[in-house]
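Secondary and tertiary structure notes
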Amino acid sequence: MVDVIYRIVQHADGWAYKLGDTFSETFPTREAATAAAHRVAAEQHVAGETRGISWEDENGEWHTELSDGHDRPDARVAD
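The structure displayed is predicted, hence computed values, not measured ones.

1. Re the packing of aromatic side chains
This structure, assessed with the given rule, holds two aromatic pairs. With a centroid separation of 5.6 Å and 85 degrees between ring planes, the pair formed by Y6 and Y17 is classed as edge-to-face. With a gap of eleven residues between them, Y6 in strand 1 (residues 3-11) and Y17 in strand 2 (residues 14-19) connect regions that are remote in the sequence. Each member of the pair, Y6 as well as Y17, is classed as buried.

Here it is in structure tokens:
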């Protein structure tokens, strides 16, 4: 299972949640950013449909695989 960890950080004169190097929109308070991050993390746990997906790797090669809609990551907000 994949771990998805959202971190709350200061960003652009406010607060944001961050996953890897990607920032969310900016929120006026840390509390608002934290609440938004918890909503997003909860959405990661919702099962979807099993379907075929295609994706390109870092070498420019395309791959096709079946993605199980019930294979959800462990998503949480770091405190």
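2. Quick notes on the nonpolar core
V4, Y6, I8, Y17, F27, A33, A36, A37, V40, A41, A75 and V77 together form the largest nonpolar core, which totals twelve residues. Within the residue set of this core, elements represented by two or more residues are strand 1, helix 1 (30-44) and strand 6 (74-77). At five residues, helix 1 tops the list of elements feeding residues into this core. Every residue in contact with V4, bar those within four places of it in the chain, is listed here: L19, P73, D74, A75 and R76.

3. Comments concerning the side chain of D57
Here D57 lies in the loop between strand 4 (51-56) and strand 5 (62-67). A polar atom in the side chain of D57 sits 2.9 Å from the backbone nitrogen of N59.

4. As for the pattern of salt bridges
What the rule picks out here adds up to three salt bridges. Here D3 makes a salt bridge to R76, at a shortest N to O gap of 3.8 Å. Placement of the pair is D3 in strand 1 and R76 in strand 6, with a sequence separation of 73 residues. Note that E49 is salt-bridged to R51, the shortest N-O span being 2.8 Å. Linked by salt bridges that have partners in common, D3, D74 and R76 make up one network.

5. Let's talk about the sheet that holds strand 6
Across a sheet, strands are paired by hydrogen bonds formed along the backbone, either parallel or antiparallel in direction. One open sheet accounts for four strands, arranged 3-2-1-6; its pairing is mixed. Looking at which strands have only one partner, the edges of the open sheet turn out to be strand 3 (22-23) and strand 6. Across five bridges, the pairing between strand 1 and strand 2 is antiparallel. When the sheet's bridge partners are listed, H11 is paired in strand 2 with G14.

Rules used throughout
Residues numbered from 1 in each chain as written. Predicted model: local features only at pLDDT ≥ 70, side-chain atom pairs only at ≥ 80, totals over all residues. Heavy atoms only, no water. Phe/Tyr/Trp six-rings, centres within 6.5 Å; stacked < 30°, edge-to-face > 60°. Helix = DSSP H or I, 4+ residues; strand = E, 2+ residues; numbered from the N terminus. Buried < 20%, exposed > 50% of the residue type's maximum accessible area, 1.4 Å probe, protein only. Core = buried A, V, L, I, M, F, W, Y, C linked by side-chain atoms within 4.5 Å. Contact = heavy atoms within 4.5 Å. Polar contact = N/O pair within 3.5 Å; in protein donor to acceptor, adjacent residues only side chain to side chain. Salt bridge = Lys/Arg side-chain N within 4 Å of Asp/Glu carboxyl O. Pairing = 2+ DSSP bridges.

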